[in-house]
Amino acid sequence: WENTGGTPHYERTTVMFRLYDPANGRVIWEAPSAIDLRALLPTGNDPLVANDAVTLAAGVRPGVYQLRIIVLDPAGYRKPLKLAIGGRQADGSYLLGNVTVR
């Protein structure tokens, strides 16, 4: 994560990892990241590295899924936070890549 702006993000948000079924676009699993974007100060060239370990729910079937992140307002008042990266999806999430569940 890198904050290339002039100030930190002041509001509480939740960064979520989500798996989407590419056949129908539905979220089949999600888990929160431990990162707190309020702690992400403008960094210049020194990005903040966050390591998250998540466990898939037992009901996730084998297959190839889209892994996306989305930054949500926990109160549900604001739309998902726009990030300074390309690939924003219609629901406000960002595609990170595909994941194969075996």
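Being a predicted model, the structure only gives us computed values, none of them experimental.

Here is what the cut-offs are and how they apply
- Residues numbered from 1 in each chain as written.
- Predicted model: local features only at pLDDT ≥ 70, side-chain atom pairs only at ≥ 80, totals over all residues.
- Heavy atoms only, no water.
- Helix = DSSP H or I, 4+ residues; strand = E, 2+ residues; numbered from the N terminus.
- Buried < 20%, exposed > 50% of the residue type's maximum accessible area, 1.4 Å probe, protein only.
- Contact = heavy atoms within 4.5 Å.
- Areas by Shrake-Rupley, 256 points an atom, 1.4 Å probe, with all protein chains shown as cover.
- Lys, Arg positive; Asp, Glu negative; His and termini not counted.
- Charge placed at Lys NZ, Arg CZ, Asp CG, Glu CD.
- Pairing = 2+ DSSP bridges.
- Salt bridge = Lys/Arg side-chain N within 4 Å of Asp/Glu carboxyl O.
- Axes fitted to C-alpha atoms, helices over the stretch in contact; angles between N-to-C directions.
- Core = buried A, V, L, I, M, F, W, Y, C linked by side-chain atoms within 4.5 Å.

Chemist: Provide a residue-level description of the overall build of the chain, including the pertinent values.
Modeler: The secondary structure content of the chain amounts to zero helices and four strands. When the backbone C-alpha atoms are referred to their principal axes, the chain occupies close to 45 × 30 × 25 Å. For the chain, the proportion of its 102 residues judged to be buried stands at 27%. Expressed as a percentage of contacts within the chain between residues at least 6 apart in sequence, the contacts between residues at least 24 apart total 66%. A total accessible area of about 6,900 Å² is found for the chain, and carbon and sulfur atoms account for 51% of it. Charge-centre separation for the chain: the mean point of 11 positive side chains lies 8 Å from the mean point of 9 negative side chains.

Chemist: How would you sum up the environment of Ala50? Please name residues and give values.
Modeler: In this structure, Ala50 sits in the loop between strand 2 (27–32) and strand 3 (63–72). With relative accessibility at 35%, the residue Ala50 sits in the partly exposed group. Put simply, Ala50 and Asp36 are 14 residues apart on the chain and 9.7 Å apart in space, counted from C-alpha to C-alpha. Among residues more than four places away in sequence, those in contact with Ala50 are Trp1 and Ile35.

Chemist: Can you explain the pairing of strand 3? Please cite residues and give values.
Modeler: Pairing between strand 1 (residues 14–20) and strand 3: seven bridges, direction antiparallel. When the sheet's bridge partners are listed, Tyr20 is paired in strand 3 with Gln66.

Chemist: Which residues make up the pattern of salt bridges, and what values go with them?
Modeler: Tallied over the full model, the rule gives four salt bridges. Salt-bridge contacts for Glu30 lead to Arg18; the nearest nitrogen and oxygen are separated by 2.8 Å. Note that Glu30 is positioned in strand 2 and Arg18 in strand 1, a separation of 12 residues in sequence. Judged by relative accessible area, Glu30 falls into the partly exposed class, the value being 40%.

Chemist: Summarise the sheet that holds strand 1; cite the residues concerned and give the values.
Modeler: Two modes of strand pairing occur in sheets, parallel and antiparallel, and in both the strands are linked by backbone hydrogen bonds. With antiparallel pairing, the four strands of this open sheet are ordered in space as 2-1-3-4. Single-partner strands in this sheet number two, and they are strand 2 and strand 4 (94–101). Neighbour to neighbour, the strand axes of the sheet diverge by 25 degrees on average, direction disregarded.

Chemist: Lay out the nonpolar core in plain terms, naming residues and giving numbers.
Modeler: Counting 15 residues, the largest nonpolar core has Trp29 and Leu37 as its most contacted members. Listing elements by their share of this core, those giving two or more residues are strand 1, strand 2, strand 3 and strand 4. Setting aside residues no more than four positions away along its own chain, Trp29 makes contact with Phe17, Arg18, Leu19, Val54, Thr55, Leu56, Ala57 and Val60.

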